[in-house]
2 protein chains.
Amino acid sequence: MYEGPIQDLIDELGRLPGIGPKGAQRIAFHILTTDKADVERLAHALREVTEKVRFCATCFNISAEETCRVCRDPRRDRTSICVVEESKDVAAVERTHEFRGLYHVLGGAISPIDNVGPADLRIRELCLRLADGTVTEVILATDPNLEGEATATYISRLLLPMGVTVSRLASGLPVGGDLEYADEVTLGRAFQGRRRISEETRTA
Amino acid sequence: MYEGPIQDLIDELGRLPGIGPKGAQRIAFHILTTDKADVERLAHALREVTEKVRFCATCFNISAEETCRVCRDPRRDRTSICVVEESKDVAAVERTHEFRGLYHVLGGAISPIDNVGPADLRIRELCLRLADGTVTEVILATDPNLEGEATATYISRLLLPMGVTVSRLASGLPVGGDLEYADEVTLGRAFQGRRRISEETRTA
């Protein structure tokens, strides 16, 4: 529809996830009126990501260096590993400030439909990290869906004989949510996982 | 939250219109797993737009050359000019295939609130294009809102004494819309602009 460069940019932007034809056009026209230096920064950032980002040699989180920021941090608790599916999940857990241990990024979840088996995930690498006995707890923080549950079950069976504590994130009602709108599986899990209120927890 | 390059990219993407923090993260992780050549094409397209796109010397539509594709096209009707606010509007009118004349892009609409007066738009340039008498009809296709109407009124007052036919796009119910959900102004305009059905139009 447009001439040359602007249509090329609209086409390229339209290939990105979550950007439709209208959004691509809007961004392209925004770029047209943006400072050259700002556009240059964006183009540079795109290239940098493909060139500089790699995966941590220990936990497979995305990293700018050989090992990631979490693994390098001497203040992190090295006896505990939180197992997640993707690097995005590391960021999500970090935002909670609830966990001070290390991570292990599997690179996905077991999903026969997508042809992803245990061998396609970094499960062997996780077992190797437990070999020296430093790690005493593994928290399985895979997604609370079919694939995530299957992956958690598979890994827990492998790890339990190794004598580490294995736990799974609690399922239940989302905070700020509405009981009325909770699906029955989530509500059922919330019942199963109900916690007794004692003097101790009430004052906590 | 993330390390170095990936966070830089998320920040840069988040500055684009219509992309929120979640969307920026999603795109950044997509880029991470995208072919280097594809990313290079996107970065190149971004630079090309800032470097190569300019405005047509005649109609001020965006163009890759001195004059735009429409102005260069010898098959276009040179007696008719469609006046629009932005280059995006040229693309919208082109998609209808209803208009075979030339365009004139004002670069906005009169809006005292945004400090945009007639002198900030390419109205003088439009008058100059009418000087040699080739153009006999001007269609004012500014947006059907307060600013667009004000701009159309202003321009029509300038052009009518020059002896050209000046028209405004019809207002009315959008095709495929629902009468029930039409706002009262639109419905009122649809009444004002009602067209008598004759044998002629019925067979058209």
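Residues numbered from 1 in each chain as written. Chains lettered and ligands numbered in written order. Predicted model: local features only at pLDDT ≥ 70, side-chain atom pairs only at ≥ 80, totals over all residues. Heavy atoms only, no water.

A. Here's a closer look at the interface of chain A and chain B. With 50 residues of chain A at the contact, the number on the chain B side is 50 residues. Both sides of the chain A and chain B interface together cover about 5000 Å² of buried area, and 70% of this is carbon and sulfur. Taken together, the links from chain A to chain B amount to four salt bridges. Note that Glu12 of chain B is salt-bridged to Arg41 of chain A, the shortest N-O span being 2.7 Å. For the pair chain A and chain B, the number of links is four residue pairs in polar contact (both at pLDDT 80 or more). Every element with two or more residues in the side of chain A that touches chain B is listed here: α1 (4-14), α2 (21-32), α3 (36-52), β2 (62-63), α4 (69-72) and α5 (87-96) of chain A. Per-element tally for the side of chain A that touches chain B: the top contributor is α3 of chain A, with 16 residues. Of the residues contributing to the side of chain A that touches chain B, the split by class is 24 nonpolar, seven polar and 19 charged. (Contact = heavy atoms within 4.5 Å. Buried area = accessible area lost by both parts, 1.4 Å probe. Salt bridge = Lys/Arg side-chain N within 4 Å of Asp/Glu carboxyl O. Polar contact = N/O pair within 3.5 Å; in protein donor to acceptor, adjacent residues only side chain to side chain. Helix = DSSP H or I, 4+ residues; strand = E, 2+ residues; numbered from the N terminus. Nonpolar A, V, L, I, M, F, W, Y, C, P; charged D, E, K, R; others polar.)

B. Seen up close, helix α3 (residues 36-52) of chain B. Along its 17 residues, α3 of chain B runs 23 Å from first to last C-alpha, staying within 8% of the 24 Å computed at 1.5 Å per residue. Inspection of α3 of chain B places Val39, Leu42, Ala43, Ala45, Leu46, Arg47, Glu48 and Val49 of chain B among the buried residues, and these make up the whole buried set. The inward-facing, buried residues of α3 of chain B abut α1, α2 and α3 of chain A together with α2 (21-32) of chain B. (Expected span 1.5 Å × (residues − 1). Buried < 20%, exposed > 50% of the residue type's maximum accessible area, 1.4 Å probe, protein only.)

C. Region of the structure containing the relation of the copies chain A and chain B. Overlaying chain A on chain B yields an RMSD of 0.0 Å, the required transformation being a rotation through 180° with an accompanying axial translation of 0.0 Å. Expressed as a symmetry operation, the mapping of one chain copy onto the other fits a two-fold axis. Among all residues of chain A, the minimum C-alpha distance to the rotation axis is found for Ala43 of chain A, at 2.3 Å. Both copies contact each other with a shared surface, as 100% of the interface residues of chain A are interface residues in chain B too. (Least-squares fit on C-alpha atoms with pLDDT ≥ 70 in both.)

D. Inspection of the pairing of strand β5 (residues 137-140) of chain A at higher detail. All names here are of chain A. Bridge count for strand β3 (residues 80-84) against β5 is four bridges, and the pairing is parallel. Bridged to Val83 within β5 is Leu140. Examined bridge by bridge, β5 and strand β6 (residues 165-168) share four bridges and lie parallel to one another. Bridged to Val138 within β6 is Val166. Following the chain from β5 across helix α7 (residues 146-159) to the adjacent parallel β6, one finds a crossover that is right-handed. (Pairing = 2+ DSSP bridges. Right-handed = clockwise from strand over helix to strand, strands pointing away.)

E. Structural view of the packing of aromatic side chains. Residues and elements named next belong to chain A. Within the structure shown, the criterion is met by two aromatic pairs over all chains. On the numbers, 5.3 Å between centres and 65° between planes, the contact of Phe99 with Tyr103 is edge-to-face. Its relative accessible area of 9% is what places Phe99 among the buried residues. For Tyr103, a relative accessible area of 1% translates into the label buried. Sitting over the face of the ring of Phe55, Arg122 holds its NZ or CZ atom 5.7 Å from the ring centroid. (Phe/Tyr/Trp six-rings, centres within 6.5 Å; stacked < 30°, edge-to-face > 60°. Lys NZ or Arg CZ within 6 Å of the ring centre and 35° of its normal.)

F. How the structure looks around the nonpolar core. Counting 43 residues, the largest nonpolar core has Ile6, Leu9 and Ile31 of chain A together with Leu9 and Ile31 of chain B as the members making the most contacts within it. Sorting the residues of this core by element identifies α1, α2 and α3 of chain A together with α1 (4-14), α2 and α3 of chain B as the ones contributing at least two each. For Leu9 of chain B, the contacting residues outside a window of four places in its chain are Leu42, Ala45, Leu46 and Val49 of chain A together with Ala28 and Ile31 of chain B. By size, the runner-up hydrophobic cluster in this structure holds 32 residues, among which are Cys56, Val83, Leu140 and Leu159 of chain A. (Core = buried A, V, L, I, M, F, W, Y, C linked by side-chain atoms within 4.5 Å.)

G. Focus on the domain arrangement of chain A. Taken domain by domain, chain A consists of domain 1 (4-52) and domain 2 (65-203). Between domain 1 of chain A and domain 2 of chain A, the C-alpha centre-to-centre distance is 36 Å. (Domains from an automatic or database assignment.)

H. The sheet that holds strand β4 (residues 102-105) of chain A, seen in detail. Residue and element names in this part refer to chain A. As summarised here, the arrangement of the four strands in space is β4-β3-β5-β6, forming an open sheet in which the pairing is parallel. In this open sheet, the two edge strands, each paired with only one partner strand, are β4 and β6. Averaged over neighbouring strand pairs, the angle between their axes works out to 25° when direction is ignored. Packed onto the sheet, α5 meets β3 and β4 and runs at close to 155° relative to β4. Contacts from helix α6 (residues 123-130) reach β3, β4 and β5, with the element oriented near 150° to β4. (Axes fitted to C-alpha atoms, helices over the stretch in contact; angles between N-to-C directions.)

I. Quick peek at the pairing of strand β4 (residues 102-105) of chain B. All names here are of chain B. Burial of the side chains of β4 extends over both faces: Leu102 and His104 are buried on one face and Tyr103 and Val105 on the other. Examined bridge by bridge, strand β3 (residues 80-84) and β4 share four bridges and lie parallel to one another. Following the sheet pairing, Val83 is matched in β4 by His104. Since β3 and β4 lie parallel, the crossover through helix α5 (residues 87-96) that links them has a hand, and here it is right-handed.

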